[in-house]
Amino acid sequence: VTESGPRVLVVDDEPQIVRGLRVVLRDAGYGVEAAASKQEALDAVAARAPDAIVLDLVLPDGSGVDVCVELRRWTELPIVVLSAVGDEHEKVRALDAGADDYITKPFGTDELLARLRAVLRRVGEDGNDAGVTVGQLFIDLAARTVTLDGAEVHLTPIEFGLLRVLARHQGKLVTQRQLLREVWGRGYETETHYLRVHVAHIRSKIEPEPSQPRYLITESGVGYRLVEAP
Amino acid sequence: MGSGVWGIALAAVEVIAAVAAATGLVAILDPIAPIAGLSVIYLLAVVLIAVRRGQAAALAAAALGVTTMNFVFIEPRYQLAIADRGNVVALAVFLVAGLVVGRLAATARDRAAEAERRARQAAAREREAGMLAGAASAVLATERLDAQLASLAASVESSSGSAVRVGLSSAPAAVAGEIAVPLPTDTRPGWVYGDPDASLDRESLERIARPLAGLIDIAVERERFGTRTAEAEAARRADVAKTALLHAISHDLRSPLTAIATAAAGLRPRDLPEDDRAALLATIDTEAGRLAGLVDDLLDLSRIEAGAVNPRTDWCDVGDVVAGALASVRRRYEERPIELDLGGPLPLVEADAAQLERVFSNLIDNALKFSPSDAPVRVSATAAGDRVVVRVTDRGRGIAPSRRASVFEPFGRGDESGKGSGLGLAICRGFVEANGGEIQLQSNSGRGSTFAVSFPAAAQPSPVP
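Draft legend 1. The overall build of chain A, seen in detail. Within chain A one finds eight helices and 14 strands. Burial analysis of chain A (230 residues in total) assigns 51% to the buried set. A separation threshold of at least 6 residues defines the contact pool for chain A, and within that pool the share at least 24 residues apart is 55%. Only carbon and sulfur atoms are counted for the fraction: they give 48% of the accessible area of chain A, which is about 10200 Å².

Draft legend 2. Structural detail: a negative patch on the surface. Residues D13(A), E14(A), E40(A), D43(A) and D61(A) make up a contiguous surface patch of negative charge. A relative accessible area of 36% means that D61(A) is categorised as partly exposed.

Draft legend 3. Summary view of the side chain of T68(B). Residue and element names in this part refer to chain B. Relative to the helices and strands, T68 resides in helix α3 (residues 55-73). In terms of polar contacts, T68 uses its side chain to reach the backbone carbonyl oxygen of L64, at 2.5 Å. In this view, T68 contacts V19, T23, Y42 and F73; residues no more than four positions away in its chain are not counted.

Draft legend 4. Fine view of the pattern of salt bridges. Inspection of every chain in the model, using the stated rule, returns 35 salt bridges over all chains. Among the salt bridges present, the one from R7(A) reaches E33(A), with a minimum N-O distance of 2.6 Å. Taken together, the residues span a long stretch of sequence, with R7(A) in strand β1 (residues 7-11) and E33(A) in strand β2 (residues 31-35) at a distance of 26 residues. The salt bridge partner of D300(B) is R303(B), with a shortest N-O separation of 3.0 Å.

Draft legend 5. Broad picture of the sheet that holds strand β12 (residues 174-175) of chain A. Residues and elements named next belong to chain A. Taken in spatial order, the three strands of this open sheet run β12-β14-β13, and their pairing is antiparallel. Each edge of the open sheet is held by one strand with a lone partner, namely β12 and β13 (216-219). Alignment of β13 against strand β14 (residues 223-226), held across four bridges, turns out to be antiparallel. Across the sheet, residue I217 finds its bridge partner in β14, namely R225. Docked against the sheet, helix α6 (residues 157-168) engages β12, β13 and β14, running at close to 70 degrees with respect to β14.

Draft legend 6. How the structure looks around the packing of helix α4 (residues 85-141) of chain B against helix α5 (residues 145-160) of chain B. All names here are of chain B. Running from N to C, α4 and α5 point in directions that differ by 150 degrees, and their axes come no closer than 8 Å. In this view, α4 runs roughly antiparallel relative to α5, as classed from their interaxial angle. When you trace α4 past α5, the crossing you get is right-handed. Here α4 contributes R127, M131, G134, A135, A138 and V139 to the contact with α5, which in turn contributes Q148, S151, L152, S155, V156, S159 and S160.

Draft legend 7. Here's a closer look at the packing of aromatic side chains. Per the stated rule, a full pass over the model turns up five aromatic pairs over all chains. Between F408(B) and F451(B), the aromatic rings sit 6.0 Å apart at their centres with planes inclined by 85 degrees, giving edge-to-face as the arrangement. Highlighted residues: F408(B) in the loop between α10 (401-404) and α11 (424-434) and F451(B) in strand β10 (residues 449-456), separated in sequence by 43 residues. Overall, the relative accessible area of 9% leaves F408(B) in the buried class. By the ring-pair criterion, three or more aromatic residues cluster together here, those being W184(A), Y188(A) and Y194(A).

Draft legend 8. Seen up close, the environment of R395(B). Within the secondary structure, R395(B) is located in the loop between β8 (387-393) and α10. Sequence separation between R395(B) and D374(B) is 21 residues; the distance between their C-alpha atoms is 9.7 Å.

Draft legend 9. Geometry of a nonpolar patch on the surface. Residue and element names in this part refer to chain B. A contiguous nonpolar surface patch, about 240 Å² in accessible area, is contributed by L59, L95 and L99. Residue placement: L95 occurs in helix α4. Judged by its relative accessible area of 32%, L95 falls in the partly exposed class.

Quick notes on the rules
Residues numbered from 1 in each chain as written. Chains lettered and ligands numbered in written order. Predicted model: local features only at pLDDT ≥ 70, side-chain atom pairs only at ≥ 80, totals over all residues. Heavy atoms only, no water. Helix = DSSP H or I, 4+ residues; strand = E, 2+ residues; numbered from the N terminus. Buried < 20%, exposed > 50% of the residue type's maximum accessible area, 1.4 Å probe, protein only. Contact = heavy atoms within 4.5 Å. Areas by Shrake-Rupley, 256 points an atom, 1.4 Å probe, with all protein chains shown as cover. Patch = residues over 30% accessible without salt bridge, like charges linked within 9 Å, V, L, I, M, F, W, Y side chains within 5 Å. Salt bridge = Lys/Arg side-chain N within 4 Å of Asp/Glu carboxyl O. Lys, Arg positive; Asp, Glu negative; His and termini not counted. Charge placed at Lys NZ, Arg CZ, Asp CG, Glu CD. Polar contact = N/O pair within 3.5 Å; in protein donor to acceptor, adjacent residues only side chain to side chain. Pairing = 2+ DSSP bridges. Axes fitted to C-alpha atoms, helices over the stretch in contact; angles between N-to-C directions. Parallel < 35°, antiparallel > 145°, perpendicular 65-115°, else oblique. Left-handed = near helix turned anticlockwise from the far one by under 90°. Phe/Tyr/Trp six-rings, centres within 6.5 Å; stacked < 30°, edge-to-face > 60°.

Below, the structure is given as structure tokens:
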């Protein structure tokens, strides 16, 4: 087994799903390991940390949320959560506990690979404060300016703050709690209406068609992501 | 009507006063008329006492009258002796007449009192009968047992003016100052409680206890019957739903499974041309997606039917949620025209955004499914009064009036095309109602349908910094 690419730990107790993911991920150039329970997952990460984890929320010995909580005590390695319809509350809990993104079962493999790329890229680009390009949009994090198609866009400090958090996690889901905490501070995590109002303002300035956004995408009830919609 | 020592003392005083008054009157008339004739005045005193105090007092008045007459007016005066024989006869006649008249007057008085008592009792019975009739209709007017008991008590209270309370328990549970009267019920032991000083005293309560108990037995029986009927109805509905579900599973689950199995078998040959291979893989992909959608629908529906929707409410920008729903539907229907009209900023609503998105994507999905492929589906969101309304309009054939009532029922399809699982609208209604909204169908046969979903937006969050 060659292990040139990033190593992914797949945590799921369904052998069929693990088998499928193994083929898909290897094909995309990843090294793959598998764990079938919460304990196996924690042991595997402790023994040799992978570059990313794909984590099912329902495990025989507990919830994937617990795995997120445990891992976040000592590692920032990217976690993509697998959730099913009906798991919405668990999904949000996992994201708030530190998971980086989620994907809903059953998922297309393209979608999974895109999410994995996004979370791995974030790790690679950490510390790069130069700027982020999304489609026609360029966010200059150092100069605190935003241009759309070369023309400068005037944002208020709060609007820029929101966009900067999203740009730093480009392509990755940022939860409502995280946005509220990073822009307004602790104690504001449930004031979700701030986000509704300011996101609408940002969209009216950066989106070609604000009612059908291409860049600043809402994940209803979960959070937002900055991405160029396909 | 005095009683005991006081009554006797009072009667004695009246007897003495009456005889004294008669004596005074006779003394005035004595010089003019013979004493035998004046004894009638004493007779009047006896009658008066008989009417006021009854027979025993009348007897005493007659005796005292005879003695006084003898002592004061009959020669020799101021002695209890009688000189004239004629006077002896007169006194004897007076005594007899006094006794007879006294007895007659006392009897008449007793009869009058008895008649009055009967009339009062009849009036009380009549009042109680009216009260019980009111109580009976109170029992029949409501369904729940505790409501029935409360209205029973309220009805008795409003017709009698005294507060009563009815409670079902084996031991009485009277609060301070209440009297408790047992109800002779057959179903569950009960008590009626009342105020001892009210017009409905213990005696009246005891009288109405039996008919009240009968009413309570009826109420208890009705509740038991109602529970059994509701259980039977629920079981019947569950049966219907299960049958429909099995029906749906046999058809809707089997066809994608068959397609997947066939495609998988088709992939076996090693020398398969690349485009055949791609087509078979696409089939597996699509059909697996259909299966997944159906399973999600069944899961959602079971949560709705179990009352376990548990929305995580949050401030929602409905336009944003609609846009999200539209984006997810567009991935499946890339070619289809969809008109979106979000007329300016909308007030925020409190709802679970993920569930709302499922509602809107279901409605848009449905609209596309039942429209000709070139006819645009229209989605609009507006603020109307205190509500935010989202309308999804298709240009399909519309829904026949006979089917409109059942479209929101599980498996209640709007037509017989067999498209869709028949669960989408039931799920929509479940999620909308769990989030405090309303969903309505406006349909014109032959000219398409509009589904209108509205949410209250009266309360708005604090201003945003």
